[in-house]
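Commentary on secondary and tertiary structure
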Amino acid sequence: RAVISIAAGSHHSLACASDGSLFSCGRGDGGQLGLGDKTKTQTTFALVALPRSDARVTQVAVASSARRFENQSASYALDTEGRIYAFGNNNHMKLGLGEDKPPSNVWSPRPIADAAGASSSSSSSGESSQPHPPRFAQISAGKHHALACGEDGAVYVWGAGDMGRLGLSDRKHRGVPTLVSALRGGDDAVFIDAVVARETFSLA
């Protein structure tokens, strides 16, 4: 089997194979290896178990801290059904697992929360109270936030909102994937098929 996607951060690496298997290695004391325990170091690639036995991963991404003694690394995996799984450090809710008592670290892959703002009934702020799970097509992660584009060309963001990096016209943190409504409005709607997250900004 061949490796089809790989991502490397300051402290760990992820890879997925052509059969959809997910692997990790490196520093794991923050949960970013997804091996279900507080593994401090994994020197060879280890198989990561997903919560769905039929899930097949097609893309991986990592959120990484460049500081030697600071471990805020996180991991993301996208499967063939457009679902995203997240694990590792959850500072600023960057794993997208929800805003109700978010855990500080997650040791095994979990599916991210349903998206806000994607249903037909939206509020004036562009964030809907009716969750709607989009099929994601691509994901990218910065140090404290992540963003993904859906198969419909919409962009969703979550995590730290300071410095305006989420593109939601405020500086609030988001614990669930939230639609960037500014890219979907009226005649100015655009179809986004790639996104990039860096430490303090995002591109789409």
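The structure this text deals with has already been given above.
Report follows, based on the coordinates. Owing to the predicted nature of the structure, the values given are computational and were not obtained by experimental measurement.

1. A short note on unusual backbone geometry
Positive phi is not limited to glycine here, since histidine 92 has a value of about 60°. Position of histidine 92 among the secondary structure elements: in the loop between strand S7 (84–89) and strand S8 (105–111). Phi at methionine 93 is positive, roughly 60°, even though this residue is not glycine. By secondary structure assignment, the location of methionine 93 is in the loop between S7 and S8. Residue methionine 93 is classed as buried on the basis of its relative accessible area of 16%.

2. Remarks on the packing of aromatic side chains
Each aromatic ring pair is characterised by the separation of its centres together with the angle its planes make. A complete count under the given rule lists one aromatic pair for this structure. Centre to centre, the rings of phenylalanine 136 and tyrosine 156 are 5.6 Å apart; their planes meet at 85°, and the pair counts as edge-to-face. Of the two residues, phenylalanine 136 is situated in strand S9 (residues 136–141) and tyrosine 156 in strand S11 (residues 155–159); the sequence distance between them amounts to 20 residues. What makes tyrosine 156 buried here is its relative accessible area of 2%.

3. A few points about the pattern of salt bridges
For the structure on display, the rule yields eight salt bridges. The salt bridge involving aspartate 54 is made with arginine 52; its shortest N-O contact spans 3.3 Å. Residue classification places arginine 52 among the partly exposed positions, given a relative accessible area of 38%. A salt bridge links glutamate 81 to arginine 135; its shortest N-O distance comes to 3.4 Å. Here the residue glutamate 81 occupies a position in the loop between strand S6 (74–79) and S7, and arginine 135 occupies one in the loop between S8 and S9, the gap between them amounting to 54 residues.

4. Description of the sheet that holds strand S5 (residues 57–63)
Strands sit in the order S5-S6-S7-S8 across an open sheet of four strands; the sheet is antiparallel. With partners counted over all chains shown, the strands left at the sheet margins are S5 and S8, one partner each. The mean angle between the axes of side-by-side strands here comes to 10°, regardless of whether they run parallel or antiparallel. Of the pairings in the sheet, the one linking S5 to S6 comprises six bridges and is antiparallel in character. Within S6, the residue paired with valine 62 across the bridge is serine 75.

5. Let's talk about the side chain of lysine 94
Its location among the elements puts lysine 94 in the loop between S7 and S8. Judged by relative accessible area, which is 0%, lysine 94 ranks as buried. Here the side chain of lysine 94 touches lysine 143 through a polar contact of 2.8 Å, landing on its backbone oxygen. Sequence-distant contacts of lysine 94, that is, excluding residues within four places in its chain, are made with Gln72, Ala74, Tyr76, Asn89, Lys143, His144, His145, Ala146, Trp158 and Gly159.

6. Concerning the sheet that holds strand S2 (residues 12–17)
With respect to topology, four strands assemble into an open sheet ordered S1-S2-S3-S4, the strand pairing being antiparallel. A single partner strand is all that each edge strand has here, and the edge strands are strand S1 (3–8) and strand S4 (41–48). Across the sheet, the mean angle from the axis of one strand to that of its neighbour is 15°, orientation sign disregarded.

Thresholds, definitions, all that
- Residues numbered from 1 in each chain as written.
- Predicted model: local features only at pLDDT ≥ 70, side-chain atom pairs only at ≥ 80, totals over all residues.
- Heavy atoms only, no water.
- Helix = DSSP H or I, 4+ residues; strand = E, 2+ residues; numbered from the N terminus.
- Buried < 20%, exposed > 50% of the residue type's maximum accessible area, 1.4 Å probe, protein only.
- Phe/Tyr/Trp six-rings, centres within 6.5 Å; stacked < 30°, edge-to-face > 60°.
- Salt bridge = Lys/Arg side-chain N within 4 Å of Asp/Glu carboxyl O.
- Pairing = 2+ DSSP bridges.
- Axes fitted to C-alpha atoms, helices over the stretch in contact; angles between N-to-C directions.
- Polar contact = N/O pair within 3.5 Å; in protein donor to acceptor, adjacent residues only side chain to side chain.
- Contact = heavy atoms within 4.5 Å.

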